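Survey of secondary and tertiary structure
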Amino acid sequence: MVRDLRAALVGRRIDAVEVLRPDVLRVPVAEVLPALLVRQHVVGVDRRGKFILIQLDSGEHLMVHLGMTGHLLATSPDAPVAPHTHLRARLDDGSELRFDDTRRFGRVAYGSTAALEDARALPRLGLEPLTDAFSQEAFDSMMRRTTRTVKAALLDQAGVAGLGNIYIDEACFAAGIRPTRRCNRLTRAQRAGLRAAIQDVLLTAIDNRGSSVDDYRDVWNARGSNQEALQVYGRAGEACFACGTVLRRTVVAGRTTVYCPHCQR
DNA sequence: ACCTACCTGGCC
DNA sequence: GGCCAGGTAGGT
């Protein structure tokens, strides 16, 4: 998403902003957001975990979290406006950036990263799994000192940033580890396998432009193809691609979890 | 280290 | 009507 947003936004000037649903805005109050954004240029787009940071020439950021059902779309201003569109920004190339989010679990905020952290709009996030910070040493020390299940630990964005329900189940399958296993009980080899699997699963998903299992769409409203590569997510009751065993559904850390009882121990 | 609430919509 | 859904915050 961030790579697509860079292509759509970097160098653009914001000409007009309309907040249709003020309560998706964390900080500041919605009434002042248009005045803060208008006439600024987008200088970059970054990401911390699942938080998208659109950097403006003031040095501040428009921060967006998509929640479960959020979209950021670059579109023509004339295109039909999706239901639950909460924010519209007109850009100097005649295009429009829109944020829509049916369930309103997503969030928008504006400010410096320090201000966003102070306002608790941007929480403390853990290791970025596709950077050098995600070393085996760092991952091991995190995993060795918690008794939580693997599923719960990986859902916690303060440990590893950016993993969600789909990719955790996929990484556990790729590593042959049941999501119900306790972190501190994994062997060194299992931790190494899990770390590699996390990186693999994420890189594949990015190559495939995301998992459009349901309503994920890219910035140009196109579907990704990674839903076709998923091995376990959404496949409970179906046969494991590796061994044919029926995949099992359970609830771990409050989330639906699917695994192969034969391939995953 | 859990557990529930927050929302809307689709499906049975 | 009840159950389920890519997530996180705030409570205990």
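Our subject in this report is the structure included herewith.

Calculation rules
Residues numbered from 1 in each chain as written. Chains lettered and ligands numbered in written order. Predicted model: local features only at pLDDT ≥ 70, side-chain atom pairs only at ≥ 80, totals over all residues. Heavy atoms only, no water. Helix = DSSP H or I, 4+ residues; strand = E, 2+ residues; numbered from the N terminus. Buried < 20%, exposed > 50% of the residue type's maximum accessible area, 1.4 Å probe, protein only. Contact = heavy atoms within 4.5 Å. Near = heavy atom within 4 Å. Polar contact = N/O pair within 3.5 Å; in protein donor to acceptor, adjacent residues only side chain to side chain. Nonpolar A, V, L, I, M, F, W, Y, C, P; charged D, E, K, R; others polar. Pairing = 2+ DSSP bridges. Axes fitted to C-alpha atoms, helices over the stretch in contact; angles between N-to-C directions. Left-handed = near helix turned anticlockwise from the far one by under 90°. Salt bridge = Lys/Arg side-chain N within 4 Å of Asp/Glu carboxyl O.

As for the overall build of chain A
When its secondary structure is counted, chain A shows 7 helices and 10 strands. The principal-axis extents of the C-alpha atoms in chain A amount to approximately 55 × 35 × 30 Å. Each of the 265 residues in chain A was classed as buried or not, and the buried ones make up 45%. At a minimum sequence separation of 6, the contacts of chain A that also span at least 24 residues come to 60%.

Some remarks on the protein's contact with DNA strand B
Residues in close proximity to DNA strand B include His-84, Thr-102, Arg-103, Arg-104, Phe-105, Thr-146, Thr-147, Arg-148 and Arg-182, which together make up its full environment. Here the atoms of DNA strand B within 4 Å of the protein split so that 67% fall in sugar or phosphate, with bases taking the remainder. Measuring from a base oxygen of DNA strand B, one finds a side-chain N or O atom of Arg-103 at 2.8 Å. Partitioning the surface near DNA strand B into residue classes produces 1 nonpolar, 4 polar and 4 charged.

Re the sheet that holds strand E4 (residues 61-65)
Pairing is antiparallel across the open sheet formed by 4 strands, whose spatial order is E2-E3-E4-E8. Where the open sheet ends on each side, the last strands, each with one partner, are strand E2 (42-48) and strand E8 (107-111). Taking the axes of each pair of neighbouring strands and ignoring which way they run, one obtains an average angle of 20° across the sheet. When strand E3 (residues 51-56) meets E4, the two strands line up antiparallel, connected through 5 bridges. For Ile-52, the partnering residue across the bridge sits in E4 and is Val-64. In the packing of helix H1 (residues 2-9) onto the sheet, contacts are made with E2 and E3, and the angle to E2 comes to roughly 170°.

Observations concerning the packing of helix H4 (residues 136-144) against helix H7 (residues 188-207)
The contact between H4 and H7 brings their axes to 10 Å, and the two run at 115°. When you trace H4 past H7, the crossing you get is right-handed. Residues Gln-136, Phe-139, Asp-140, Met-143 and Arg-144 of H4 form the contact with H7, whose participating residues are Arg-191, Ala-192, Leu-194, Arg-195 and Ile-198. The residue makeup of the contact of H4 with H7, split by class, is 5 nonpolar, 1 polar and 4 charged.

Side note on helix H6 (residues 165-175)
Residue pairs spaced three or four apart in an α-helix point in one direction, given the helix's 3.6 residues per turn. Burial within H6 is extensive, with 9 of its 11 residues counted as buried. Every buried residue of H6 is accounted for by Asn-165, Ile-166, Tyr-167, Ile-168, Asp-169, Glu-170, Ala-171, Cys-172 and Phe-173. Positive phi appears at Gly-176, one or two residues downstream of H6, with a value of about 70°.

With respect to the protein's contact with DNA strand C
Residues in contact with DNA strand C amount to 19 residues; listed here are only the nearest, Lys-50, Asp-215, Tyr-216, Arg-255 and Thr-256. Among all atoms of DNA strand C positioned within 4 Å of the protein, those belonging to sugar or phosphate total 55%. At 2.3 Å from a phosphate oxygen of DNA strand C is found a side-chain nitrogen or oxygen belonging to Thr-256. Along the lines of polarity and charge, the residues of the surface near DNA strand C split into 6 nonpolar, 6 polar and 7 charged.

Some points on the pattern of salt bridges
On inspection of all chains with the given rule, the structure shows 16 salt bridges. Salt-bridge contacts for Glu-238 lead to Arg-235; the nearest nitrogen and oxygen are separated by 3.4 Å. When its relative accessible area of 9% is taken as the criterion, Arg-235 is described as buried. Linked by salt bridges that have partners in common, Asp-4, Arg-209 and Asp-218 make up one network.

Quick notes on the sheet that holds strand E7 (residues 96-101)
Overall, antiparallel pairing links the 4 strands, which are arranged E1-E6-E7-E5 in an open sheet. The open sheet has two edge strands, strand E1 (14-19) and strand E5 (70-75), and neither has a second partner. Strand-to-strand twist in this sheet, taken as the mean axis angle between neighbours without regard to direction, amounts to 15°. Bridging between strand E6 (residues 85-91) and E7 involves 5 bridges; their strand directions are antiparallel. Looking at the pairing, Ala-89 lines up with Leu-97 of E7.

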